Amino acid sequence: MSDTDKITWIIGDIHGMYDPLAALVSHLDNERLAKFVFVGDYIDHGPSSKEVLDLVMGLGDRAIPLMGNRGALAAANTL
């Protein structure tokens, strides 16, 4: 399969909801996958923020994690 036949999925607003994210990634992760682009808001609201971060980081080079507004706020508050 050529690179032009591969699909990039853009996922955002996860908000600590590990189970739905894991199900979605499992469903979409196949030979046609090029990359997952995560557009932020990984944490907050849901019960599993750490697990969400572990899943995204565990995808390695198949994931492009971007910082959302909550990540920017968290970073600003820690500096």
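Look a little higher up for the structure.
Just so you know, these numbers come straight off a predicted model, no measurement behind them. (Residues numbered from 1 in each chain as written. Predicted model: local features only at pLDDT ≥ 70, side-chain atom pairs only at ≥ 80, totals over all residues. Heavy atoms only, no water.)

A look at the pattern of salt bridges
By the definition in use, this model includes two salt bridges. The salt bridge partner of K50 is D54, with a shortest N-O separation of 2.7 Å. With a gap of four residues between them, K50 and D54 both fall in helix α2 (residues 49–58), about one helical turn apart. Judged by its relative accessible area of 57%, K50 falls in the exposed class. (Salt bridge = Lys/Arg side-chain N within 4 Å of Asp/Glu carboxyl O. Helix = DSSP H or I, 4+ residues; strand = E, 2+ residues; numbered from the N terminus. Buried < 20%, exposed > 50% of the residue type's maximum accessible area, 1.4 Å probe, protein only.)

A word on the pairing of strand β1 (residues 7–11)
Regular strands show a simple pattern: their side chains alternate between the two faces of the sheet. Bridge count between β1 and strand β2 (residues 33–38): five bridges; the pairing is parallel. Bridged to T8 within β2 is K35. Between the parallel pair β1 and β2, the chain is carried across by helix α1 (residues 18–28), and the sense of this crossover is right-handed. (Pairing = 2+ DSSP bridges. Right-handed = clockwise from strand over helix to strand, strands pointing away.)

As for the nonpolar core
Membership of the largest hydrophobic core comes to 15 residues, with the highest contact counts inside it found for I14, L21, V25, F36, F38 and L59. Sorting elements by how many residues they give to this core places α1 first, with four residues. Beyond its immediate sequence surroundings of up to four residues, L21 is in contact with I11, I14, F38, V52, L55 and V56. (Core = buried A, V, L, I, M, F, W, Y, C linked by side-chain atoms within 4.5 Å. Contact = heavy atoms within 4.5 Å.)

Some words on the environment of E51
With respect to the secondary-structure elements, E51 resides in helix α2. With relative accessibility at 38%, the residue E51 sits in the partly exposed group. Along the chain, E51 and M17 lie 34 residues apart, while their C-alpha atoms are 8.7 Å from each other.

Quick word on unusual backbone geometry
Located in the positive-phi region is D13, a residue other than glycine, with phi close to 55 degrees. Take D13: it is sitting in the loop between β1 and α1. Phi at D44 takes a positive value of approximately 90 degrees, unusual for a residue other than glycine. With respect to the secondary-structure elements, D44 resides in the loop between β2 and α2.

Comments concerning the packing of α1 against α2
Two elements in contact, α1 and α2, have axes whose closest approach is 9 Å; the angle formed by their N-to-C orientations is 20 degrees. In terms of orientation, α1 lies roughly parallel with respect to α2. Handedness of the crossing formed by α1 with α2: left-handed. On the side of α1, the interface is formed by Y18, L21, A22 and V25, while α2 contributes E51, V52, L55 and V56. Split into classes, the residues belonging to the contact of α1 with α2 amount to seven nonpolar, no polar and one charged. (Axes fitted to C-alpha atoms, helices over the stretch in contact; angles between N-to-C directions. Parallel < 35°, antiparallel > 145°, perpendicular 65-115°, else oblique. Left-handed = near helix turned anticlockwise from the far one by under 90°. Nonpolar A, V, L, I, M, F, W, Y, C, P; charged D, E, K, R; others polar.)

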